[in-house]
Amino acid sequence: MAEIRDGIDELDRRIVALLGERMRYIEAAARVKQDRDVVRDEWRKADVIDKAAQAAEDHDFPPALVREIYEVLVEGSIAHEFVKFDQLGEAGE
Ligand SMILES: O=C(O)C(=O)C[C@]1(C(=O)O)C=C[C@@H](O)C=C1
């Protein structure tokens, strides 16, 4: 059991490292977007979640669970992007 848990812990470190890498792209998006109205993009959110669900099927992981995880992930990313977007605006004022 200890070996299994070590394996899970190692994978979790890698998953969180990748999530951090994803968040750096969110921050890049905040720098590139010119208008606060385009920070939230519902079409793109649905596109991201659909692609993640497809990837889940490819990797034998429940797609419905990935949809739930990505709903939280993308909403958290949007919230983070708004914070960064607003900070950039304040810095430029
Ligand atoms: O694709 C974008 O425009 C992003 O900013 C990335 C992202 C995401 O988390 O994938 C975040 C905010 C948008 O609403 C849509 C998608």
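Since we're looking at a predicted model, the values are computed, not measured. (Residues numbered from 1 in each chain as written. Predicted model: local features only at pLDDT ≥ 70, side-chain atom pairs only at ≥ 80, totals over all residues.)

Draft legend 1. Fine view of the site of the ligand. Lining the immediate environment of the ligand, one finds Ile26, Ala29, Arg40, Asp41, Arg44, Lys45, Val48, Val74, Ser77, Ile78 and Glu81. Those elements giving two or more residues to the shell around the ligand turn out to be α1 (2-32), α2 (42-58) and α3 (63-92). Its residues placed into classes, the shell around the ligand shows five nonpolar, one polar and five charged. (Near = placed C-beta within 6 Å. Helix = DSSP H or I, 4+ residues; strand = E, 2+ residues; numbered from the N terminus. Nonpolar A, V, L, I, M, F, W, Y, C, P; charged D, E, K, R; others polar.)

Draft legend 2. Local environment of the environment of methionine 23. The residue methionine 23 is located in helix α1 in this model. Distance from methionine 23 to histidine 80, taken between C-alpha atoms, is 8.4 Å for residues 57 residues apart in sequence. Leave out the neighbours within four places in its chain, and methionine 23 touches Ser77 and His80. (Contact = placed C-beta atoms within 7 Å.)

Draft legend 3. Here's a closer look at the UniProt feature "domain: Chorismate mutase" (unreviewed entry) in the protein. UniProt tags residues 1-85 as "domain: Chorismate mutase" (unreviewed entry). Counting secondary structure, residues 1-85 comes out at 84% helix and 0% strand; the distance between its end C-alpha atoms is 45 Å. (UniProt positions renumbered as here; feature names shortened; annotations may be inferred.)

Draft legend 4. Up close: α1. Between its first and last C-alpha, α1 extends 45 Å over 31 residues, near the 45 Å set by a 1.5 Å rise per residue. Counting buried positions along α1 gives zero out of 31 residues, so the element sits mostly on the surface. (Expected span 1.5 Å × (residues − 1). Buried ≥ 20, exposed ≤ 12 C-beta atoms within 10 Å, placed from the backbone.)

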